[in-house]
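Here are the chains, one letter per residue:
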Amino acid sequence: MWIVRLFFILMVLFVYTGCDKLNSDPSEFAGSYDSSVWPATFGLGRVALAREIDSLNIDVRPDGEGLPEGSGTVLQGKHIYIAKCAICHGHTGTEGPYAKLVGAFYESDSIQRGEKTIGNYWPYASTLYDYINRAMPYNNPGTLTSEEVYSITAFLLYRNNIIDSTIVMDARTLPQVIMPAQKLFINDDRTGGSEIR
Amino acid sequence: MKPIEGYPGSKIKRRTLLGGAATAAVVLAQTAFGKVMQKAVTQAELIVDPTKKLGPPPGAIGTRSPFEKPFKLPSDTSSRTPLQDLFGTLTPSDLHYERHHGGVPLIDPDKYELLIHGMVKKPMIFTLRDLKKFPSVSRTMFLECSGNFRGSKETLSPQEICGLTSQSEWTGVMLSTLFREVGIDPRATWFLAEGSDAAVMTRSIPIDKGWQDTMVAYAQNGEAVRPEQGYPARLVLPGWEGNTCVKWVRRIEVSDKPFMTREETSKYTEPVTGGKIRQFSFVMDARSIITYPAYPAKVEKGWIEIRGIAWSGRGKVVKVEVSTNGGNTWNEALLQVPVLDKAHTGFRFLWRWNGETTEIMSRAMDETGYTQPFYKTLLEARGGTGGYHFNPVTKWIVQKNGEVYLHPEAKK
């Protein structure tokens, strides 16, 4: 008798969990592959060597982590900029043809003033190093030395009224630069529902 | 309000057509050696009764009818899906929108590797073959660029207004499956995803999304992901802005802070009220657009099935309403079932047009209770400037003469 009862209970449990799965939304369904029965590892892939990680790990963060050795100056940066960047971003960094890079921050109208620039919009100086290093010059990416990237970064920060012309950029000074637009940044506050944000 | 000549894709048409007065269309034909080549269809061939002429044998690759010419609309930075030329909700892979920041890279699948490192127990490298051997998942969903709005003149088609959205069935391995292999540090809160294009493009993504439903996709609509879409492997983050779905993904670095990359600071951030700039706006809000009748279509008095697509990055579309009198009254449209989560959803509404000039529009509602806003409401919420995540109601003017034009609300 108790066996019948146990069987009945098990059946009920089975039906319930089964239904649950079918009724859940597809995202849960897709993610609900029952991994509890999976092996601890599928044994695919291999351990990455430190050398392999280092060769790809080029990102630079706001706290300066990832910045390489070396340094650069505004004056050097000016020469490199004219030689390698001006053709696309203009001699003054304002006239294009591509992305306008220079434009100072104005407390009164900040982002309302025309095109976004490093000076009026970029919240972190580390992003400049990181982006120029990985993506510029557009037609010849990944070719700049760390000295060159430090120098151009210094030059562009200077041209945007953020540092003075004597500051040497390196792994210590770059994270100390505070960008004027940083205080304007807020995190996404949309949550769905009736309010339009 | 004159339509653009030869629209759409007139540039491409001129280049592809082989010329000559007798050329009626272009087809792909197979030569005796099995090579596929372009061949012109002549007027003479067209007047032959197809039931009286043996057709070509089965081929190695299918082709689109020479009479159908849906084209993407490329610019320097993107290429748009011809929404007004499509039916249903799946985007043919070759018409999927494109947006990249350093062109389309050529990647040898045999050399492809995905590195996962940072705050993990065991940094690991997976080859494409590895990825394909893991438990897999398929999911049909939309991908949309968050910079997907234009609306400053009458002669804009759905493709030009919001053609940076497309839908595919994606297949791949869940990122959570790979996370399990490398062992994520419980203190980790973000990860960086990096592509192997010329921009070596990067985005920071909250780790929860990685655990929840992020996919490393290697297939799209049943075949390998197309190069423009991230071959041989890319991320797909259901409902999140296209830019986070990093293509050609080569590296994932687990961390406890966001990295503040260029694409999440200088780009893909938007002004909001109070002079602030909103960052990490990942989710795509609900949107809809009538794709027929829409510019450049021309309609006739009588019964018209109004058709369109609706979608939401926050879940399912629960309702689409259509107005045929400039927004005075609204009618519930029919939704094509099954309605999928975070997916383009087809809607239709049968309308008997009396031939008078009027304005038609649609608005989508999703399961969070969000209703697609009007342009003005949205502009106010954004402090008077447009930008990313701009999803207003699109209004179409149906003129007495049957021509359909956008009601342009956006400034230049």
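Residues numbered from 1 in each chain as written. Chains lettered and ligands numbered in written order. Predicted model: local features only at pLDDT ≥ 70, side-chain atom pairs only at ≥ 80, totals over all residues. Heavy atoms only, no water.

Q: Just give me the short version of the overall build of chain A, but keep the residues and values in it.
A: Scanning chain A for helices and strands turns up eight helices and four strands. Mapped in sequence order, the helices and strands of chain A form the string α-α-β-α-β-α-α-α-α-α-β-β. Restricting to contacts in chain A with at least 6 residues of sequence separation, those with at least 24 account for 55%. (Helix = DSSP H or I, 4+ residues; strand = E, 2+ residues; numbered from the N terminus. Contact = heavy atoms within 4.5 Å.)

Q: Can you break down helix α5 (residues 175–182) of chain B residue by residue, with the values?
A: Residue and element names in this part refer to chain B. Taken across its eight residues, α5 has seven buried, putting it largely inside the fold. Among the residues of α5, Leu 175, Ser 176, Thr 177, Leu 178, Phe 179, Glu 181 and Val 182 are the ones counted as buried. Just beyond α5, the residue with positive phi is Gly 183, at close to 75°. (Buried < 20%, exposed > 50% of the residue type's maximum accessible area, 1.4 Å probe, protein only.)

Q: Give me the lowdown on the side chain of Glu 181 of chain B, citing residues and values where you can.
A: Its place among the elements puts Glu 181 of chain B in helix α5. Those residues in contact with Glu 181 of chain B that lie beyond four places of it in its chain are Ala 40, Thr 41, Phe 42, Gly 43 and Leu 44 of chain A together with Lys 122, Met 124, Phe 126 and Phe 134 of chain B.

Q: Can you lay out the environment of Trp 353 of chain B for me, pointing to particular residues and giving the numbers?
A: With respect to the helices and strands, the residue Trp 353 of chain B is situated in strand β23 (residues 345–353). When neighbours within four sequence positions are excluded, Trp 353 of chain B is seen to be in contact with Val 299, Glu 300, Lys 301, Gly 302, Ile 304, Thr 358, Val 398, Gln 399, Lys 400 and Gly 402 of chain B.

Q: Could you give me a rundown of the nonpolar core, with the residues and numbers involved?
A: Ranked by size, the top nonpolar core spans 93 residues in total, and within it Leu 131, Leu 178, Phe 191, Ile 252 and Val 254 of chain B carry the most contacts. In terms of residue count, the dominant contributor to this core is helix α8 (residues 146–159) of chain A (seven residues). Those residues within four positions of Val 254 of chain B in sequence are excluded, and the remaining contacts are Ile 116, His 117, Gly 118, Met 119, Val 120, Ile 184, Ala 188, Trp 190, Phe 191 and Ile 207 of chain B. Grouped together as the second largest cluster of nonpolar side chains are 40 residues, Phe 142, Val 299, Leu 378 and Leu 379 of chain B included. (Core = buried A, V, L, I, M, F, W, Y, C linked by side-chain atoms within 4.5 Å.)

Q: Which residues make up the sheet that holds strand β3 (residues 73–74) of chain B, and what values go with them?
A: All names here are of chain B. On the basis of which strands lie adjacent, the open sheet formed by three strands has the order β3-β4-β5 and antiparallel pairing. Looking at which strands have only one partner, the edges of the open sheet turn out to be β3 and β5 (98–99). Note that strand β4 (residues 78–80) and β5 share two bridges and pair antiparallel. If you follow Ser 78 over to β5, its bridge partner there is Arg 99. (Pairing = 2+ DSSP bridges.)

Q: I'd like a description of the interface of chain B and chain A, backed by residues and values.
A: Facing 70 residues of chain B, the contacting portion of chain A comprises 56 residues. Summing both sides of the interface, chain B and chain A together bury roughly 5300 Å²; the carbon and sulfur share of this comes to 57%. The interface formed by chain B and chain A includes eight salt bridges. As a salt-bridge pair, Arg 251 of chain B and Asp 59 of chain A come within 2.6 Å of each other at their nearest N and O atoms. Inspection of the region where chain B meets chain A yields 29 residue pairs in polar contact (both at pLDDT 80 or more). Considering only residue class, the side of chain B that touches chain A consists of 26 nonpolar, 21 polar and 23 charged. Of the pairings in the sheet, the one linking strand β1 (residues 46–47) of chain A to strand β7 (residues 124–127) of chain B comprises two bridges and is antiparallel in character. Counted as the bridge partner of Arg 46 of chain A is Ile 125 of chain B from β7 of chain B. (Buried area = accessible area lost by both parts, 1.4 Å probe. Salt bridge = Lys/Arg side-chain N within 4 Å of Asp/Glu carboxyl O. Polar contact = N/O pair within 3.5 Å; in protein donor to acceptor, adjacent residues only side chain to side chain. Nonpolar A, V, L, I, M, F, W, Y, C, P; charged D, E, K, R; others polar.)

Q: Quick rundown of the domain arrangement of chain B? Include the residues and the values.
A: Where the parts come together, the accessible area they lose is often given as the size of the interface. Residue and element names in this part refer to chain B. Domains assigned within chain B are domain 1 (14–52), domain 2 (76–271) and domain 3 (287–411). Taking only C-alpha atoms into account, the centre of domain 2 sits 28 Å from that of domain 3. Taking both sides of the interface into account, the surface hidden between domain 2 and domain 3 amounts to around 2800 Å²; carbon and sulfur atoms contribute 64%. In this structure, Arg 139 engages Asp 341 in a salt bridge whose closest nitrogen and oxygen atoms are separated by 2.8 Å. Here domain 2 and domain 3 share 13 residue pairs in polar contact (both at pLDDT 80 or more) between them. Elements that contribute at least two residues to the side of domain 2 that touches domain 3 include exactly β8 (137–144), α4 (158–162), β9 (165–174) and β16 (270–272). (Domains from an automatic or database assignment.)

Q: Can you lay out the environment of Lys 121 of chain B for me, pointing to particular residues and giving the numbers?
A: Note that Lys 121 of chain B resides in the loop between β6 (113–118) and β7. Considered as a pair, Lys 121 of chain B and Glu 264 of chain B are 143 residues apart in the sequence and their alpha carbons are 28 Å apart.

Q: With reference to specific residues and values, describe the pattern of salt bridges.
A: In total, this model carries 39 salt bridges over all chains according to the counting rule given. Notably, a salt bridge pairs Asp 189 of chain A with Arg 278 of chain B, separated by 4.0 Å at the nearest N-O pair. Of this pair, Asp 189 of chain A sits in the segment after β4 (185–187) while Arg 278 of chain B sits in strand β17 (residues 276–279), on two different chains. Between Arg 348 of chain B and Glu 305 of chain B there is a salt bridge; the shortest N-O distance is 3.8 Å.

Q: So what's going on with the sheet that holds β7 of chain B? Which residues, and what values?
A: Strand order in the open sheet formed by six strands is β1(A)-β7(B)-β6(B)-β15(B)-β10(B)-β11(B), with mixed pairing between adjacent strands. Of all the strands in the sheet, the pair left with one neighbour each is β1 of chain A together with β11 (202–206) of chain B. Along the sheet, α5 of chain B contacts β6, β7, β10 (190–195) and β15 (249–255) of chain B; its crossing angle with β7 of chain B, the most-contacted strand, is approximately 135°. (Axes fitted to C-alpha atoms, helices over the stretch in contact; angles between N-to-C directions.)

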